[in-house]
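Survey of secondary and tertiary structure
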Amino acid sequence: MEQLSSQTLLDFINQHGVTISAAASLILFLMQVALDNGRMEKRSLGAVVRSFVLICAAVLTMGYAIYGLYSNFEQKTVTTRAVDSIGNYYDRCSERIASLSPERQRELVGERASRVRADDAEWVTTYLLRYDCLSLAMRAYNVGGGRHMVAEGLAHDASLGARLLARGSVAGEDASEGTIADTLKAMMGIDREEFTGLGRSLPIVDTQSDRMRYTEALLSEYWAPNICAETVNTDICPQRWPRAWAWRFTNLGDVRGMTLGQLILEREPAEGSGSLQLEAMRERLRTGSLRDPTTLLVRFQIFPQRRYAGTVGRPEAQRVFFSSLAESAELEVQQAFLLSGMSDPNEQSTDDDSTAFIWVYEPQTRREYTRASWSDLFIYLSRRNVEAPVAAIGNAHDWPPG
């Protein structure tokens, strides 16, 4: 009972310590003022000692109050400052880009928009420049430059990411046009409702539960370049990346009961069959060397065949989500689709030319892919190469230039 009472008291102090300290400070100061009020005669040593003790106690309790307030609210202040700094820079840079002529915008983008469909070139150019603005904003604020304990760093990154995605969005909309969330969705496929920021994918489940589902995220998730796995559209993909392969199925029932690993070993990809690179990748699969020297990556999607251009993501996307092949090779194909969170095989339909796609990508170095976490996203964006003319526009002190 004594232990319980002591613990209850400690919990109460920890929870209300700031209020207790502030109240104690005020009381102690009032006591000192009351004791010394009207005393003009020479004070005794005892009185001096008593005053000194009261003042020291007041200083200590005030110090604890300030420390408590700092501990409770400093993180929020840092996050707010980061959101304001990054958001304001991004908005300012985007407005400057929008003020440029279409010809100047295309000139700044250069060859980066060359592989998208002609009908999409104009809006892709705008998003590529907004993407540059976001990188410049991250770099200017130096996100991740501070030092945090692991838990504090995770909380800071998650709070910052969530607030950046929410910034400027209209209530009820996923990503209002031109916002940071809109740009990240177009360029990196980040869905505000589904992205965990933990480096793990959120599986597709049929549930009406309102509970926080991040605990269900099982497969490791990565970002990698939007490479060409086929040459079905030579204007967009003139050649296939030699270490990327695609498997296509109009009916996943054809591979029902097969594991993902079995499919990769027993079925031939759409292109690249018989190559030395394919055999080397398959040997890694047979021997279980799926993480070394680089992690083998796999991606799943279902969409109409007519929209396919040969890239592993939408042609305009700069980075795309992949899952870990090591963690999904032993899963049945349909289960791997569900756990990746990218497509639901139960929604595949032959009425709309629906096709199931499985891509496997073997990076040559670890620099070619990153974990799909808030921390890695901030680092990646801040280190992206932004051409000097675009950086000059974003960093200009005056606009338009005189």
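Attention here is on the structure that accompanies the text. (Residues numbered from 1 in each chain as written. Predicted model: local features only at pLDDT ≥ 70, side-chain atom pairs only at ≥ 80, totals over all residues. Heavy atoms only, no water.)

Some words on the overall build of the protein
- On a plain count of helices and strands, the protein comes out with 11 helices and 6 strands.
- Across the 402 residues of the protein, 45% fall into the buried class.
- Sequence separation of at least 24 residues holds for 74% of the intrachain contacts in the protein that already meet a minimum separation of 6.
- Summing over all exposed atoms, the protein offers an accessible surface of approximately 21,800 Å²; the carbon and sulfur share of this is 54%. (Helix = DSSP H or I, 4+ residues; strand = E, 2+ residues; numbered from the N terminus. Buried < 20%, exposed > 50% of the residue type's maximum accessible area, 1.4 Å probe, protein only. Contact = heavy atoms within 4.5 Å. Areas by Shrake-Rupley, 256 points an atom, 1.4 Å probe, with all protein chains shown as cover.)

Here we look at the pairing of strand β4 (residues 319-324)
- Here β4 lies mainly inside the structure; 6 of its 6 residues are buried.
- Pairing of strand β1 (residues 221-225) with β4, which is carried by 5 bridges, proceeds in the antiparallel orientation. Looking at the pairing, Pro225 lines up with Arg319 of β4. (Pairing = 2+ DSSP bridges.)

Section: the sheet that holds strand β2 (residues 244-249)
- Taken together, the 6 strands give an open sheet; going across it, the order is β2-β5-β3-β4-β1-β6, and neighbouring strands pair in antiparallel fashion. Taken across any chain shown, the strands that pair with only one partner, and hence form the sheet edges, are β2 and β6 (370-371).
- Sitting on the sheet, helix α9 (residues 333-340) is in contact with β1, β3 (297-304), β4 and β5 (354-361), with an inclination near 90 degrees to β3. (Axes fitted to C-alpha atoms, helices over the stretch in contact; angles between N-to-C directions.)

Describing the packing of helix α4 (residues 121-141) against helix α11 (residues 388-395)
- Running from amino to carboxyl end, α4 crosses α11 at an angle of 65 degrees, the nearest separation of the two axes being 10 Å. Handedness of the α4/α11 crossing: right-handed. Facing α4, whose interface residues are Leu129, Asp132 and Leu136, α11 presents Val390, Ala391 and Gly394.
- The residue inventory of the contact of α4 with α11, partitioned by class, reads 4 nonpolar, 1 polar and 1 charged. (Left-handed = near helix turned anticlockwise from the far one by under 90°. Nonpolar A, V, L, I, M, F, W, Y, C, P; charged D, E, K, R; others polar.)

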